[in-house]
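If you want the building blocks of each chain, they are given just below.
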Amino acid sequence: MANFSSFYFTGAEILLSLAGLVLLMLAAWSGDRSARLVTALACAALIGGAIFSYDLLTNPSYELGGDAFGGLYRMDAFGSFAKILVFLASAACLVIAPRYFEERGGYRGEYPVLILFNAVGMSMMVSAVDFITLYIGLEMSSLSSYVLAAFLRSDQKSAEAGLKYFVLGALASGILLYGISLLYGFTGSTTFIGVGAAMAGDLSTGQLFGIVFVLAGLAFKISAAPFHMWTPDVYEGAPTPVTAFFATAPKVAAVALTARVAMEVFGSQSDAWRQIVMTAALLSIVIGALGAIGQENLKRLLAYSSINNVGFILLGLVVANEAGAAAMLVYLFIYVAMSLGSFVGLLMLRDTEGNLYETFADISGLSTTRPLMAWCLLLLMFSLAGIPPLLGFWAKFVVFQATVEAGLVAFGAIAIAASVIGAFYYIKFVKVMFFDEPAGVVTGKGGRGHWAVLAICTLIVSPLGYLLTPALDVLAGKAAAALLIAS
Amino acid sequence: MLSIMLLIPFAAGFACFLADARQARWIALAATLADLALGIMLWAGYDIGGAQWQFTEQADLFAGFSYALGIDGIALMLIMLTVFLMPICILASWQSITRRVGEYMAAFLIMEALMIGVFAAQDLFLFYIFFEAGLIPMYLIIGVWGGADRIYASYKFFLYTLLGSVLMLIAMFWMVAEAGTTDIPTLMQHDFPAGAQSWLWLAFFASFAVKMPMWPVHTWLPDAHVQAPTAGSVILAGVLLKMGGYGFIRFSLPMFPEASAQFAWLIFALSMVAVVYTSLVALVQHDMKKLIAYSSVAHMGIVTVGLFAFNVQGLEGAMVVMLSHGLVSAALFLCVGVIYDRLHTREIDRYGGLSINMPQYALLFMLFTMASVGLPGTSGFVGEFLSLVGAYQVSTLVTLLCATGIILGAAYMLYLYRRVAFGVQKNADAAAMPDLSLREWLMLGPIAAAVLWMGVYPESFMAPMRADIAALDARLARAAPMGDSLLEVGEPRTAAANQLAASHGEGESH
């Protein structure tokens, strides 16, 4: 029986792994002709995984979650919530990819397969309750990400991005692993519960170093300042659909992982890690905002914007209570919609041959040549800036509300004032599209898949998205409660 | 009822997106007129002396806050101002806007919905959403359809107001956590600890002072006004600035009475500077719109002095100044727009002697100039007089300095009028301009009538607000500062001061 529940709890991962293997074979034998079919099947598998996770999340008989495989893995509401987000974001990134790659020397079946394995890794990350599981999940996701970044083999920029990501990612993994080994050495356990229990009393220097190294490694993965340097380069160089993927699914997984480690493992030493996360949060907000100001390239700009957003997500973590964790999850959901929408918007800035345009000069006057797209981007940008009545405001709202209610008023005030700096470049986006003379280079049309994703994301961030807030509130609250029970 | 008033402009706004230029104009006009009709029904249906909050609606649509609407007399009058000015704005843009008309009209209609929402919101966060959301359409209106330097102006407008508001949001979170409710009427009765009040008050002040605008954070206003299209200036001056005053009267004063008393000196100091300094700045302007923009800052100084006088006269006066300024400055911007449409310049020197070739225009312009100066019989007089009477009970010095603002106001307005309307016709093209068209009469005529109505019989406008202002006054009584004028209380009257027509009652204490 214990075995059955272990398999049932990991159903989503098993489904995706099997799908990945089968599709790998299919892609290998039938060649590039079946790439579209593989993509569609992979998409279906991801959506199936999301539905399965949703069932686990809402099924009352699994209210309390449960351990699988002898405490290496835990199924709980927190993990399920993060998985739904990860799977849906991955599926959306599959929808937007084929057309882009087909126009640049062929689309291959590896792409959806890599995304599938990446998704397996990510769902292991969010459900891991043992440092070994955590590391395996993280590496599985990272390795497929490195390949994805370099997916356009003939493109120098893409190759450069892949290499850069690999070298820096390996360094971060090393730091993380070193931190884990320190924790193991000073606590004698690799399970979250074991390490957490051993750290409950006084914190030894070795344990403190372990915390610092683990958090530094994770900060790299979520691209929080001061470990954010790779982000603009990799985001700029990687193919745009891949960038959209990096900005969403892996980030959700890494943030969820960080939250679980911080709350469950280091829960008893919250004074120690909260300072670190607080610093990282404020630095991310400020650097993300200031760094973006001088950017001409829109992908780099969105990279800085994602650093900025991670800062706000970390604010929810700093609060270190149920409200904070719930706020963080709500923010993640909205962040995924906003990022996907804006990257898809960039993908649609193309001429009739399919060449992409990605600087401010190119989108100038977009509102006269492509009004519908310009209005969608306008909503997304104001949403990223956190201006009501768009849903991006709600994301900031819940995070800051949690911050203030936890008594961190001054911290919240500084962070919110810094968010105004960020508003500057988002409204610059709007200014270029709406106030400047048309450049007229964007002549191509987006594909149906692009429009579909853009429309869904825009609808979510539009004021109509507020109707989602009660449901989101309930689910995120459930997930956050699960995280807190465990710690 | 209030929801319908919000829904009509929203729906019409979306329709305008899809419509061509001609259709968009008519849709916009029809929607704003429908809202005006609803507004009149609202006023007619408002039960003076009835419940404090009327037309309330409530729906739990969202997590964390609720969709709650309702108005008191103060909100009613400001909503009336909004729906009254909107059709006029649409008319003012009828011919001058030729580019992207559908989007322009959509921006204005959404703006209207948001402004009504600000005044009708009964939930703290709903208020904030409406309050901030106005930035988006206004940013676009200034940026897309504005003058030469519009980009700088739009950035400045956006970032100034955003920075002001975010701190208020933090304060709101704290208040909601402390009081356990987001309901504005409940919060208005909640006594926050005196120590925390100071911080909360300052956070709200940061937002409202920028919106108001008070010296020294007023500098976005002249830029935004000058660069915005005529109708944009009308909305800015007519309604958006009133949000600051409304904020003070709805939040700062009733929610933090002690802190308001504590910081009254700050308000007085900034208002005095604003009144004198911006009036002097207005004197030397060459650009008509800039001159009127600076005069707005000066008038708003009188509003804040009245608000923080902590008595009925001051509060009523402040409200009347706000309403009157909403009409008069809107009308003055329209007057500038009328001649700008003909000659495409706002330079005062390019005009002259307009009363010869445009007598009707000169007449209306004269009326609004006088109303701005505060001539008895126009709306400006009633409000400024009451405000200063209120302020006199608190500080004679402040009143003295602010009263000079009225003299200076006469100076710059009459100087403007002389240069534009009188003298010789030194420019041939200005001399050849035709007089007001029917459309322009339809814009300016109703405002002129309203200005005179408010000047001659202000009771119509003050009656709905009386009970609310009395309630606010009672709430503030415990914190009211000791005045330096030490008025001798005369024979007791048979009725309270605020039950008489206020402008009569106050003659005695003067």
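Calculation rules
Residues numbered from 1 in each chain as written. Chains lettered and ligands numbered in written order. Predicted model: local features only at pLDDT ≥ 70, side-chain atom pairs only at ≥ 80, totals over all residues. Helix = DSSP H or I, 4+ residues; strand = E, 2+ residues; numbered from the N terminus. Rg over C-alpha atoms; globule rule 2.2 N^0.38 Å. Buried ≥ 20, exposed ≤ 12 C-beta atoms within 10 Å, placed from the backbone. Contact = placed C-beta atoms within 7 Å. Axes fitted to C-alpha atoms, helices over the stretch in contact; angles between N-to-C directions. Parallel < 35°, antiparallel > 145°, perpendicular 65-115°, else oblique. Left-handed = near helix turned anticlockwise from the far one by under 90°. Nonpolar A, V, L, I, M, F, W, Y, C, P; charged D, E, K, R; others polar. Domains from an automatic or database assignment.

### Brief notes about the overall build of chain A
For step 1, the next point in the chain: Each helix and strand counted, chain A has 21 helices and 2 strands in total.
For step 2, the next point in the chain: In terms of C-alpha radius of gyration, chain A reaches 21 Å, essentially the compact-globule figure of 23 Å for 487 residues.
For step 3, the next point in the chain: The principal-axis extents of the C-alpha atoms in chain A amount to approximately 65 × 60 × 40 Å.
For step 4, the next point in the chain: Counting every position in chain A, which comprises 487 residues, the buried fraction comes to 61%.

### Here's the deal with the environment of Leu16(A)
Residues and elements named next belong to chain A.
For step 1, the next point in the chain: Tracing the backbone shows Leu16 in helix α2 (residues 11-30).
For step 2, the next point in the chain: With 27 C-beta atoms packed within 10 Å, Leu16 lands in the buried category.
For step 3, the next point in the chain: As a C-alpha pair, Leu16 and Gly49 span 33 residues in sequence and 7.1 Å in three-dimensional space.
For step 4, the next point in the chain: For Leu16, the residues in contact, after removing those within four places along its chain, are Ala45, Gly49, Leu116, Ala119 and Val120.

### Describing the packing of helix α4 (residues 101-120) of chain B against helix α6 (residues 135-145) of chain B
Residue and element names in this part refer to chain B.
For step 1, the next point in the chain: It is at 9 Å that the axes of α4 and α6 come closest, and there the two elements cross at 150°. When the axis of α4 is compared with that of α6, the two are roughly antiparallel. Remark: the crossing between α4 and α6 carries left-handed chirality. Mapping the contact onto sequence places Tyr104, Ala107, Ile110 and Met111 in α4 and Pro137, Met138, Leu140, Ile141 and Trp145 in α6.
For step 2, the next point in the chain: Looking at side-chain class alone, the contact of α4 with α6 contains 9 nonpolar, no polar and no charged residues.

### Observations regarding the domain arrangement of chain B
All names here are of chain B.
For step 1, the next point in the chain: Considered domain by domain, chain B is made up of domain 1 (1-262) and domain 2 (274-510).
For step 2, the next point in the chain: Each of domain 1 and domain 2 was reduced to a C-alpha centroid, and the two centroids are 22 Å apart.
For step 3, the next point in the chain: Residue-level contacts link 43 residues of domain 1 with 46 residues of domain 2.
For step 4, the next point in the chain: The set of elements that each furnish at least two residues to the side of domain 1 that touches domain 2 consists of α3 (73-92), α10 (220-227), α11 (230-255) and α12 (257-262).
For step 5, the next point in the chain: Tallying contributions element by element places α11 first for the side of domain 1 that touches domain 2, with 13 residues.
For step 6, the next point in the chain: Here the side of domain 1 that touches domain 2 is composed, by residue class, of 28 nonpolar, 12 polar and 3 charged.

### Describing the environment of Ile222(A)
All names here are of chain A.
For step 1, the next point in the chain: Mapped onto the elements of the fold, Ile222 is located in the loop between α9 (205-221) and α10 (230-237).
For step 2, the next point in the chain: With 36 residues separating them in the primary sequence, Ile222 and Thr258 have C-alpha atoms 8.6 Å apart.
For step 3, the next point in the chain: Setting aside anything within four residues of it in sequence, one finds Ile222 in contact with Lys251, Ala254, Val255, Thr258 and Val310.

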